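Here are the chains, one letter per residue:
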Amino acid sequence: MNLYQSSFHSVKFNDLDLDMNMYYLQRPDNIFFKKLYDRWSIDNYKLLDEKNFLNAKRNAGQILHSIIDKHKILSFGIGTGITESELLKLDSNYDITGIDYSMITKWLDPRIRFLRHIDECVIDNYDCLLLNSVIYSFDNTTLSTLISSFYKILKKDSLVIVWEQDLPTLMTYNKIRKFHKYLHCRKQLGFVHWGFIRSPFVIKSKFKKMFKYVTSKYFYVDKNWSNYETRSFYRLNGYKIWQSKDFHANTSQLHIFKKIN
Ligand SMILES: C[S@@+](CC[C@H](N)C(=O)[O-])C[C@H]1O[C@@H](n2cnc3c(N)ncnc32)[C@H](O)[C@@H]1O
């Protein structure tokens, strides 16, 4: 499912000095992210400094700590690194490298190494790969190429953890579809083609080409954006048939894979 957004943590994309006609059709690139990060950095990232946001990212670190039994971690698309810094708070033996377009140091534990591109990684070097809210940025071709690159830099028996937003319920999807049609007709500026939300089935099939599937977990968030595990959902074409009204609209899916040879 295509994902469109017009803002991210109080930054309205229309306020960025960018050609918004272009980004309605094209996903954000490093020029877009540079502008976004520059906007955040004005006022020392106060725009991002929301209690719930920090809570959600730290809580994600606590959940990952309960799952990961490896120490040498690569986080691709590390962003603010709040989650990874929380891992280091919980266990100083973690050895973490992050990759992103640019480094946001406000919350980043200084022990975390930073790279800008996957080509800078050493082959056969990491025990665990974190893909936390990042594969939605890639189309299928780019994702397949990346999965092959990930395979090369991971050691045997390493883990791959993919944590992504889940697809909505069928009812919500129908509403979104109408909204997307409206946006197309109006050529609504400010809406950026943010990426693709994939079903658990699609994510698993992509990673299973190179890695062994281990297990999945599903989460909903409460008012404070803390994640709570829930059972898997009944689905039609990947869309959830029903979900509790108490769940925040965006539930998430976490899948674990292993490199076995
Ligand atoms: C939604 S953020 C998630 C950040 C972080 N993993 C988290 O959970 O808070 C996605 C991040 O992926 C980064 N990203 C997207 N495409 C990338 C690429 N090709 N190379 C490096 N980083 C990328 C973006 O810059 C952004 O920081």
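Above this text sits the structure in question.
A. Spatial organisation of the packing of helix 3 (residues 51-67) against helix 4 (residues 82-90). In contact at an axis separation of 8 Å, helix 3 and helix 4 are set at 50° when each is read in the N-to-C sense. Taken together, the axes of helix 3 and helix 4 lie oblique to each other. Judged by the twist between their axes, the crossing of helix 3 over helix 4 is right-handed. Packed against helix 3, whose contacting residues are Leu54, Lys57, Arg58, Ala60, Gly61, Gln62, Leu64 and His65, the element helix 4 presents Ile82, Thr83, Glu84, Glu86, Leu87 and Leu90 at the interface. The class makeup of the residues in the contact of helix 3 with helix 4 is 6 nonpolar, 4 polar and 4 charged.

B. Fine view of the sheet that holds strand 6 (residues 113-115). Spatially, 8 strands are ordered 6-5-4-7-8-14-10-11 in an open sheet, and the strand pairing comes out mixed. Here the strands that pair on one side only, and so sit at the sheet edges, are strand 6 and strand 11 (227-230). If you compare each strand with its neighbour and ignore which way they point, the axes differ by 25° on average. In this structure, strand 5 (residues 95-99) lies alongside strand 6, joined through 3 bridges in parallel fashion. Note on strand 6: the bridge partner recorded for Gly98 is Phe114. Packing against the sheet, helix 4 makes contact with strand 4 (72-76), strand 5 and strand 7 (126-132), and its axis sits at approximately 175° to strand 5.

C. Structural view of the nonpolar core. Grouped together as the largest cluster of nonpolar side chains are 34 residues, with contacts concentrated most on Leu129, Leu131, Val160, Ile161 and Val162. The element contributing the most residues to this core is strand 8 (residues 154-165), with 6 residues.

D. Representation of the site of the ligand. In the neighbourhood of the ligand, 14 residues make up the surrounding shell, with Gly77, Gly79, Asn132, Ser133 and Ser137 lying closest. The class makeup of the residues in the shell around the ligand is 5 nonpolar, 7 polar and 2 charged.

E. Structural context of the environment of His65. Mapped onto the secondary structure, His65 falls in helix 3. Classification of His65 as partly exposed rests on a count of 17 C-beta atoms within 10 Å. Through-space distance from the C-alpha of His65 to that of Ser199 is 25 Å; in sequence the pair is 134 residues apart. Setting aside residues no more than four positions away along its own chain, His65 makes contact with Leu87, Leu90 and Asp91.

F. Layout of unusual backbone geometry. One non-glycine residue, Asp124, lies in the positive phi region at around 55°. As for its placement among the helices and strands, Asp124 is situated in the loop between strand 6 and strand 7. Under the C-beta neighbour-count criterion, Asp124 is labelled exposed, with 12 such atoms within 10 Å. The backbone of Asn237 sits at a positive phi, close to 50°, despite the residue not being glycine. Tracing the chain through its elements places Asn237 in the loop between strand 12 (235-236) and strand 13 (239-240).

G. Spatial organisation of helix 2 (residues 30-41). Helix length check: helix 2 (12 residues) gives 16 Å between terminal C-alpha atoms against 16 Å at 1.5 Å per residue, within 8%. Turning to helix 2, its buried residues number three or more, namely Leu36, Tyr37 and Trp40. For helix 2, the angular spread of buried residues about the axis comes to 95°, placing them on one side. On its buried side, helix 2 packs onto strand 2 (7-8) and strand 3 (11-12).

H. Geometry of the pairing of strand 7. Most of strand 7 sits out of view: 6 of its 7 residues are buried. Where strand 4 lies against strand 7, 3 bridges are found, and the strand directions are parallel. By the bridge assignment for strand 7, Leu74 is matched with Leu129. For strand 7 and strand 8, the ladder comprises 6 bridges, and the chain directions are parallel. Bridge pairing links Leu129 to Val160 in strand 8.

Here is what the cut-offs are and how they apply
- Residues numbered from 1 in each chain as written.
- Predicted model: local features only at pLDDT ≥ 70, side-chain atom pairs only at ≥ 80, totals over all residues.
- Axes fitted to C-alpha atoms, helices over the stretch in contact; angles between N-to-C directions.
- Helix = DSSP H or I, 4+ residues; strand = E, 2+ residues; numbered from the N terminus.
- Parallel < 35°, antiparallel > 145°, perpendicular 65-115°, else oblique.
- Left-handed = near helix turned anticlockwise from the far one by under 90°.
- Contact = placed C-beta atoms within 7 Å.
- Nonpolar A, V, L, I, M, F, W, Y, C, P; charged D, E, K, R; others polar.
- Pairing = 2+ DSSP bridges.
- Core = buried A, V, L, I, M, F, W, Y, C linked by C-beta atoms within 7 Å.
- Buried ≥ 20, exposed ≤ 12 C-beta atoms within 10 Å, placed from the backbone.
- Near = placed C-beta within 6 Å.
- Expected span 1.5 Å × (residues − 1).
- Arc of directions from axis to C-beta.

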